[in-house]
Amino acid sequence: MVRVAAVGDIHLSPDCAGLLRPAFATLPECADLLLLAGDLTRHGTVDEAAVVADEVRDLGVPVVAVLGNHDYHSDEEADITRVLAAAGVSVLEGQSVTFSVAGHTVGVAGAKGFCGGFAGRSAGAFGEPEMKAWVRTAHIGAERLSTALEELSADRCDVRIALTHFSPVPDTLAGEPVEIYPFLGSYLLAEAIDAVGADLAVHGHAHLGTEHGRTAGGVRVRNVAQPVIDGAFALYQLSVHGHGSGS
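Report on the accompanying structure. (Residues numbered from 1 in each chain as written. Predicted model: local features only at pLDDT ≥ 70, side-chain atom pairs only at ≥ 80, totals over all residues. Heavy atoms only, no water.)

## Some details on unusual backbone geometry
The phi angle of most residues is negative, glycine excepted, and most peptide bonds adopt the trans form.
Then comes step 1: Positioned with a positive phi, D9 is a non-glycine residue whose angle comes to about 60 degrees.
Then comes step 2: Residue position: D9 is located in the loop between β1 (2-7) and α1 (21-24). (Helix = DSSP H or I, 4+ residues; strand = E, 2+ residues; numbered from the N terminus.)

## Comments concerning the sheet that holds strand β4 (residues 89-91)
Then comes step 1: Read from one edge to the other, the open sheet built from five strands follows the order β4-β3-β2-β1-β13, with strand pairing classed as mixed. Either end of the sheet is taken by a strand with one partner, and the two such strands are β4 and β13 (234-238). Across this sheet, the average inter-strand angle for adjacent strands is 25 degrees, counted without regard to direction.
Then comes step 2: Examined bridge by bridge, strand β3 (residues 63-66) and β4 share three bridges and lie parallel to one another. Bridge assignment links V64 to a residue of β4, and that residue is S90. (Pairing = 2+ DSSP bridges. Axes fitted to C-alpha atoms, helices over the stretch in contact; angles between N-to-C directions.)

## Side note on the nonpolar core
Then comes step 1: Membership of the largest hydrophobic core comes to 53 residues, with the highest contact counts inside it found for L34 and L35.
Then comes step 2: Core analysis: the next-biggest nonpolar cluster, separate from the first, contains 23 residues, V169, A190, A198 and A201 among them. (Core = buried A, V, L, I, M, F, W, Y, C linked by side-chain atoms within 4.5 Å. Buried < 20%, exposed > 50% of the residue type's maximum accessible area, 1.4 Å probe, protein only.)

## Thoughts on the packing of aromatic side chains
Then comes step 1: Across all of its chains, the model carries four aromatic pairs by this definition.
Then comes step 2: Measuring from ring centre to ring centre gives 5.8 Å for F114 and F166, while their planes differ by 55 degrees; the resulting arrangement is tilted. Of the two residues, F114 sits in the loop between β6 (104-110) and β7 (117-118) while F166 sits in the loop between β9 (159-163) and α7 (187-196), which places them 52 residues apart along the sequence. For the residue pair F114 and F166, the accessibility class agrees, reading buried in each case.
Then comes step 3: Look at W134 and F183: their rings are 6.1 Å apart centre to centre, the planes differ by 40 degrees, and that puts the pair in the tilted class. Taken together, the positions of W134 in helix α6 (residues 129-154) and F183 in the loop between β9 and α7 put the pair 49 residues apart, joining distant regions of the chain.
Then comes step 4: You can call W134 partly exposed: its relative accessible area is 23%.
Then comes step 5: Exposure remark for F183: the relative accessible area of 48% places this residue in the partly exposed category.
Then comes step 6: Here the aromatic residues F114, W134, F166 and F183 are joined through ring pairs into a cluster of three or more. (Phe/Tyr/Trp six-rings, centres within 6.5 Å; stacked < 30°, edge-to-face > 60°.)

Following this line, the structure appears as structure tokens:
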């Protein structure tokens, strides 16, 4: 079994320094890697990113992250990425990373993704240039995830995980107002996951949503936004054949 710890939407700022470190320090005892599903900062500043970096530095397990919309708010996402990378975090946006766990290759494909809605209730690239640009951004996010997943497929990873901030399915949005579903995720992400394949998809963003979901192709989806999992992280177990267990 591969043991995956995951959390998103921790929204750290300088007044939160040290808040999660005690829980994260236990990870080597219970997990093989930690996934951070975006919205790591409150307002997307470098000072806030430095707090996140200190929380996850030298944990003893690999740490993989994508950024979220909060992390882009101050237009400092490139600097945030550099701060986290200096602390040993693999920050992904259309890339993948692999690790050897108990003699097996575990791969994580990451991209922030974007909104746009779900099948039958999604935005279309028609009309104003602003609308076309919005929909194009959703397509670009899905294409980046697909590219990263294809890298893992080429590497013949034993376990493949898709990590995003925005949701690929409406299942894990249950509890959020239906009116804002189009702003919480995109069906294009699920299409990318199902087309290439994955054993688990992890996202955040939907604070009032539901933990458990599934793509049309049967890939398990987990919303790990901290308000949803109500803890420092959630734990999932995956078998090397993609038929793992876990909540």
